[in-house]
Amino acid sequence: AQSVTQPDIHITVSEGASLELRCNYSYGATPYLFWYVQSPGQGLQLLLKYFSGDTLVQGIKGFEAEFKRSQSSFNLRKPSVHWSDAAEYFCAVAAMNRDDKIIFGKGTRLHILP
Amino acid sequence: DTGVSQDPRHKITKRGQNVTFRCDPISEHNRLYWYRQTLGQGPEFLTYFQNEAQLEKSRLLSDRFSAERPKGSFSTLEIQRTEQGDSAMYLCAGSRGPNQPQHFGDGTRLSIL
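Enquirer: Help me get a handle on the overall build of chain A, residues and values and all.
Expert: Secondary structure assignment for chain A yields zero helices and 12 strands. Mapped from its N terminus to its C terminus, chain A presents α and β elements in the order β-β-β-β-β-β-β-β-β-β-β-β. Computed over its C-alpha atoms, the radius of gyration of chain A comes to 13 Å, within 12% of the 13 Å expected for a compact globule of 114 residues. Along the first, second and third principal axes, the C-alpha set of chain A runs to 40 × 30 × 20 Å. Put simply, chain A has 114 residues, and 48% of those count as buried. Averaged over its 11 positive side-chain charges, chain A has a centre that lies 5 Å from the centre of its 10 negative ones.

Here's what the structure looks like:
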């Protein structure tokens, strides 16, 4: 069965600084991978997804993520954060061709210092 | 705006009461998903529909829970005889089909007194 680990519960960065949120997955084959963002009291918004092909995936809002099979990782990055990026970020995994059943990590809350 | 609306946004009820939530995706969303999210956790899959057919149910979905999508459009999630542990955010998502992104509504927050 698939699982997702987000090792950092909270991350604090200064506005304008670079960001990397870590995600490790467990799955026997090449999975489908996702990053979602959730603002307080709201639903989730898809930032980017990886199904196949180029392992560096570009998403919305200036985010990107890199799939590294050897490390079972799918870390999210942004070169320069904005105060509006403060939110909770969820990494998620699904079995190939089973994107109907997405397994989410516990999330990383991002705090931005002015 | 994802086009997925959920009603109500908040529901407060006493333990033992029945509650029903509604989800309205856009017409192109052939698939509809329900998730539950508790504090400090990511969403957990409950069930999903392909049009009006309920194709999979999680073990989290006890016999007190029932979901329907009668005409393949809106969906309802009912919880009977609510318990304290049912307090959570219930999220609905729609997608256009396999390998298409899931678009989430803002959720219904359920509080059990």
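Enquirer: Mind laying out the interface of chain B and chain A, listing which residues take part and the relevant values?
Expert: Interface extent is often summarised as the accessible area lost during association of the parts. Taken together, the contact pairs 22 residues of chain B with 20 residues of chain A. At the junction of chain B and chain A, the tally comes to one salt bridge. For Glu56(B), the salt bridge is made with Lys101(A), and the minimal N-O distance between the two is 3.1 Å. Counting the contacts that link chain B with chain A gives four residue pairs in polar contact (both at pLDDT 80 or more). At the level of elements, strand E4 (31-37) and strand E5 (44-50) of chain B are the ones that each hand at least two residues to the side of chain B that touches chain A. It is E4(B) that provides the largest number of residues to the side of chain B that touches chain A, a total of four residues.

Enquirer: Describe the sheet that holds strand E1 (residues 5-7) of chain B, with residues and values.
Expert: Residue and element names in this part refer to chain B. Taken in spatial order, the four strands of this open sheet run E1-E3-E8-E7, and their pairing is antiparallel. Edge positions in the sheet fall to E1 and strand E7 (65-68), since each has one partner strand and no second. Pairs of neighbouring strands in the sheet enclose a mean axial angle of 15°, with direction left out of account. Judged from the five bridges that link them, strand E3 (residues 19-24) and strand E8 (residues 75-79) form a sheet pairing that is antiparallel. Residue pairing in the sheet places phenylalanine 21 in a bridge with leucine 77 of E8.

Enquirer: Could you give an account of the state of the cysteines, with specific residues and numbers?
Expert: Residue and element names in this part refer to chain A. Considering all chains together, one arrives at two disulfides over all chains under this definition. Here cysteine 23 pairs with cysteine 91 through a disulfide, and the sulfurs are 1.9 Å apart. On the S-S bond that ties cysteine 23 to cysteine 91, the torsion sits near -65°, and the link is left-handed. Here the residue cysteine 23 occupies a position in the loop between strand E3 (19-21) and strand E4 (24-26), and cysteine 91 occupies one in strand E10 (residues 87-94), the gap between them amounting to 68 residues. A residue is classified by how much of its surface remains accessible, and cysteine 23, at 0% relative accessible area, is buried.

Rules of the game
Residues numbered from 1 in each chain as written. Chains lettered and ligands numbered in written order. Predicted model: local features only at pLDDT ≥ 70, side-chain atom pairs only at ≥ 80, totals over all residues. Heavy atoms only, no water. Helix = DSSP H or I, 4+ residues; strand = E, 2+ residues; numbered from the N terminus. Rg over C-alpha atoms; globule rule 2.2 N^0.38 Å. Buried < 20%, exposed > 50% of the residue type's maximum accessible area, 1.4 Å probe, protein only. Lys, Arg positive; Asp, Glu negative; His and termini not counted. Charge placed at Lys NZ, Arg CZ, Asp CG, Glu CD. Contact = heavy atoms within 4.5 Å. Salt bridge = Lys/Arg side-chain N within 4 Å of Asp/Glu carboxyl O. Polar contact = N/O pair within 3.5 Å; in protein donor to acceptor, adjacent residues only side chain to side chain. Pairing = 2+ DSSP bridges. Axes fitted to C-alpha atoms, helices over the stretch in contact; angles between N-to-C directions. Disulfide = S-S within 2.5 Å.

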